[in-house]
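Structural overview
Next come the chains, spelled out residue by residue.
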Amino acid sequence: MILYNTLGQKKQEFVTHEAGKVNMYTCGPTVYHYAHIGNLRTYIMEDALDKFLRYIGYDVNRVMNITDVGHLASDADTGEDKMLKGAKREKKTVLEIADFYTKAFFEDCKKLNIRTPDVVMPATQCIPEFIEMVTVLLEKGYAYEAGGNVYFDTSKLDKYYVFGNQTEEDLAVGVRDSVEEDEHKRNKTDFVLWFTKSKFEDQELKWDSPWGNGYPGWHIECSAISIKHGGEYLDLHCGGVDNAFPHHTNEIAQSEAYLGHQWCPHWFHVLHLLDSTGKMSKSKGEFLTVSLLESKGYDPLVYRMFCLQSHYRKPLTFTFESLDNAVVAYNKLVSRIATLKDEGEVDTEKAQEYIDKFKEAVGNDLNTSLGLTCLYDVLKAPVNDATKLYLVRDFEQVLSLGLIEAAKKIADAQADTGASDEEAQEIEALIAQRTEARKAKDWATADRIRDELNARGVVLEDTPQGIKWKIVR
Ligand code: AMP
Ligand code: ZN
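Residues numbered from 1 in each chain as written. Chains lettered and ligands numbered in written order. Predicted model: local features only at pLDDT ≥ 70, side-chain atom pairs only at ≥ 80, totals over all residues. Heavy atoms only, no water.

So, on to the overall build of the protein. On a plain count of helices and strands, the protein comes out with 16 helices and 16 strands. For 473 residues, the compact-globule estimate of 2.2 N^0.38 gives 23 Å, and the C-alpha radius of gyration of the protein, at 26 Å, lies within 12% of that figure. Partitioning the intrachain contacts of the protein with sequence separation of at least 6 by distance along the chain shows that 76% fall at a separation of at least 24. For the protein, the exposed area adds up to about 21100 Å²; of that, 50% sits on carbon and sulfur atoms. On the protein, the mean spot of the 56 positive side-chain charges and the mean spot of the 76 negative ones are 4 Å from each other. (Helix = DSSP H or I, 4+ residues; strand = E, 2+ residues; numbered from the N terminus. Rg over C-alpha atoms; globule rule 2.2 N^0.38 Å. Contact = heavy atoms within 4.5 Å. Areas by Shrake-Rupley, 256 points an atom, 1.4 Å probe, with all protein chains shown as cover. Lys, Arg positive; Asp, Glu negative; His and termini not counted. Charge placed at Lys NZ, Arg CZ, Asp CG, Glu CD.)

Following this line, the structure appears as structure tokens:
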């Protein structure tokens, strides 16, 4: 597979430490609130990557953390703890909040057909590993204690800013962002590995450590969890692009200082989902969730399709209008698949040609939108229905749009419509044209089609799942 690497900023052949095996790590959610659909764009694209690697034959071990402690409101180790903020907001304990929103996160993932990673590890279950790592960093001289906290000393590294070509000044803005400088830091980019002196003395979760009763910094959890469950040689590390700095930069600093060798050679970052005001984020107050989309009548898998239609390395702007376009595309696709008959022999030779094309398309920097084009090509291909269905099922291992299940529902419903297959296909096509005409505000065409449907005795019903119809003779 060819995959862009943020480390080095170019597309390159994806290679693994051990042939055929991928140790993959994804930064998990901070479980203080529902995930917004921007967070979920990142998880959908990571899921497609995970599944594509399996599809082309890799044995993937995917690890994800759950941040249930230590993520402060600012990336610069300051501000209130996000978990504590969530607990206060809902008058619950931090662990209750974590439990509730972890479940909510996986429910959303399920609706979006996101596979649960092989290892899911809450940070609060790995405290001894964090302590061990900080101890080693202190022994090796990469860390120091000051003012009650343990800091990583970034001046001990040959190179700290490993990503990008930003100047140090540009990047440092992120660190200084709206915060007074921590007077205990030796260098402005140093970061906390272990806190005992929190400005927020009501911190709920604390553990004993050689440096006093306290709690871990945010970055240490991903390093320690990934090394514990993905080994000392990670192949692929993923996250949203905002994670690259400072979070991933700090992960690399401490992991490589700890291990004494390169840790992860390939870094995958998903660009942001934007709304009309910029990056979608929880701090803005109102934010879009999967449940909200559902309450407006959208199938979550249409949102997955919306994400797969664009490249992960481009920012994606969300509007309901563009989601409506995805609804039309999704329904058309499903209706077409619903007309396929699972009969006859699969032409495996022909099928292989289409599989090769799909692998080449998606294998070029996870081009899922080209992957969808391959699917449309299959539906138009001069092959029999059995071969088409075989290919839809095959591509669905990566796309996971629930196409077969949705098509089956339509086919079942169609069996109740009173139309023959051929007639049903014609009616579906007319309904699709009418939807298009209405979208384009071409009322004359829409009315003409409606009259034609009426003449055929077709009764239409608008439902959240799209238009339903039957023939009343
Ligand atoms: P968090 O729960 O805040 O730790 O974020 C979970 C994941 O979502 C991280 O990988 C973030 O980089 C990613 N993320 C945050 N905001 C967005 C956004 N607007 N679009 C895409 N990914 C995002
Ligand atoms: Zn992380």
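Attention now moves to the nonpolar core. Residues Leu49, Leu53, Leu236, Tyr303, Leu366 and Phe395 are the most contacted members of the largest nonpolar core, which totals 139 residues. At ten residues, the largest contribution of residues to this core is made by helix α1 (residues 37-55). When neighbours within four sequence positions are excluded, Leu366 is seen to be in contact with Met1, Ile2, Met45, Ala48, Leu49, Phe52, Phe268, His311 and Tyr312. Leu430, Val458, Trp469 and Ile471 belong to the second largest nonpolar core, which has ten residues in total. (Core = buried A, V, L, I, M, F, W, Y, C linked by side-chain atoms within 4.5 Å. Buried < 20%, exposed > 50% of the residue type's maximum accessible area, 1.4 Å probe, protein only.)

Moving on, we come to the site of ligand 1. The local shell around ligand 1 holds 17 residues, among which Thr30, Gly38, Thr42, Asp242 and Leu273 are the closest. For ligand 1, a nitrogen atom lies 3.1 Å from a polar atom in the backbone of Gly38. Protein contacts shield 94% of the accessible area of ligand 1, which totals 490 Å² for the unbound molecule. Going through the elements one at a time, α1 and β10 (236-240) are the ones with two or more residues in the shell around ligand 1. Broken down by element, the residue count for the shell around ligand 1 peaks at four residues, all from α1. When the residues that make up the shell around ligand 1 are grouped by side-chain class, the tally is four nonpolar, ten polar and three charged. (Near = heavy atom within 4 Å. Polar contact = N/O pair within 3.5 Å; in protein donor to acceptor, adjacent residues only side chain to side chain. Nonpolar A, V, L, I, M, F, W, Y, C, P; charged D, E, K, R; others polar.)

Among the 16 residues in helix α7 (residues 244-259), 15 count as buried, and that is most of the element. Gly260 lies just past α7 and shows a positive phi near 85 degrees.

In this section: helix α2 (residues 82-90). Looking only at α2, the buried set comprises Lys82, Met83, Leu84, Gly86 and Ala87. On its buried face, α2 sits against α3 (94-111). Once α2 finishes, Lys91 follows within two positions and takes phi at roughly 50 degrees, a positive value.

This part is about the sheet that holds strand β3 (residues 21-26). In spatial order, the strands read β5-β4-β3-β10-β11; together these five strands make up an open sheet with parallel pairing. This sheet does not close on itself; its edge strands, each paired only once, are β5 (119-122) and β11 (267-270). When the angles between neighbouring strand axes are averaged without regard to direction, this sheet yields 20 degrees. Bridging between β3 and β10 involves three bridges; their strand directions are parallel. Opposite Tyr25, over in β10, you have His237 as the bridge partner. Here α1 sits on the sheet in contact with β3, β4 (59-66), β10 and β11, set at roughly 160 degrees to β4. (Pairing = 2+ DSSP bridges. Axes fitted to C-alpha atoms, helices over the stretch in contact; angles between N-to-C directions.)

Among the five residues of β10, five are classified as buried, and the element is accordingly described as predominantly covered. Note: β10 against β11, four bridges, orientation parallel. The residue of β11 that forms the bridge with His237 is Trp267. For the crossover from β10 across α7 to β11, the handedness is right-handed. (Right-handed = clockwise from strand over helix to strand, strands pointing away.)

With that settled, consider the side chain of Ser400. Tracing the backbone through its elements, the reader meets Ser400 in the loop between α13 (385-399) and α14 (403-415). A distance of 2.9 Å separates the side chain of Ser400 from the side chain of Lys51, its partner in a polar contact. Discounting chain neighbours no more than four positions away, the residues touching Ser400 are Lys51, Asn113, Leu301 and Arg304.

What follows is about the sheet that holds strand β12 (residues 273-275). Read across the open sheet, the three strands follow the order β13-β12-β14; overall the sheet is mixed. In the strand order of this sheet, the two ends are held by β13 (278-279) and β14 (316-317), each with one partner. Where β12 lies against β13, two bridges are found, and the strand directions are antiparallel. Residue Asp275 lies in a different strand from β13, and its bridge partner there is Gly278.

On to the packing of aromatic side chains. A complete count under the given rule lists 25 aromatic pairs for this structure. For the ring pair Tyr34 and Tyr101, a centre distance of 5.0 Å and an interplane angle of 90 degrees mean the geometry is edge-to-face. Of this pair, Tyr34 sits in the loop between β3 and α1 while Tyr101 sits in helix α3, placing them 67 residues apart in sequence. A residue is classified by how much of its surface remains accessible, and Tyr34, at 32% relative accessible area, is partly exposed. On the accessibility criterion, Tyr101 (4% relative accessible area) is buried. Taken together, a centroid distance of 5.6 Å and an interplanar angle of 85 degrees make the contact between Tyr55 and Phe358 edge-to-face. Of this pair, Tyr55 sits in helix α1 while Phe358 sits in helix α11 (residues 348-362), and the two are 303 residues apart along the sequence. According to the relative accessible area criterion, Tyr55 is buried, its value standing at 12%. (Phe/Tyr/Trp six-rings, centres within 6.5 Å; stacked < 30°, edge-to-face > 60°.)

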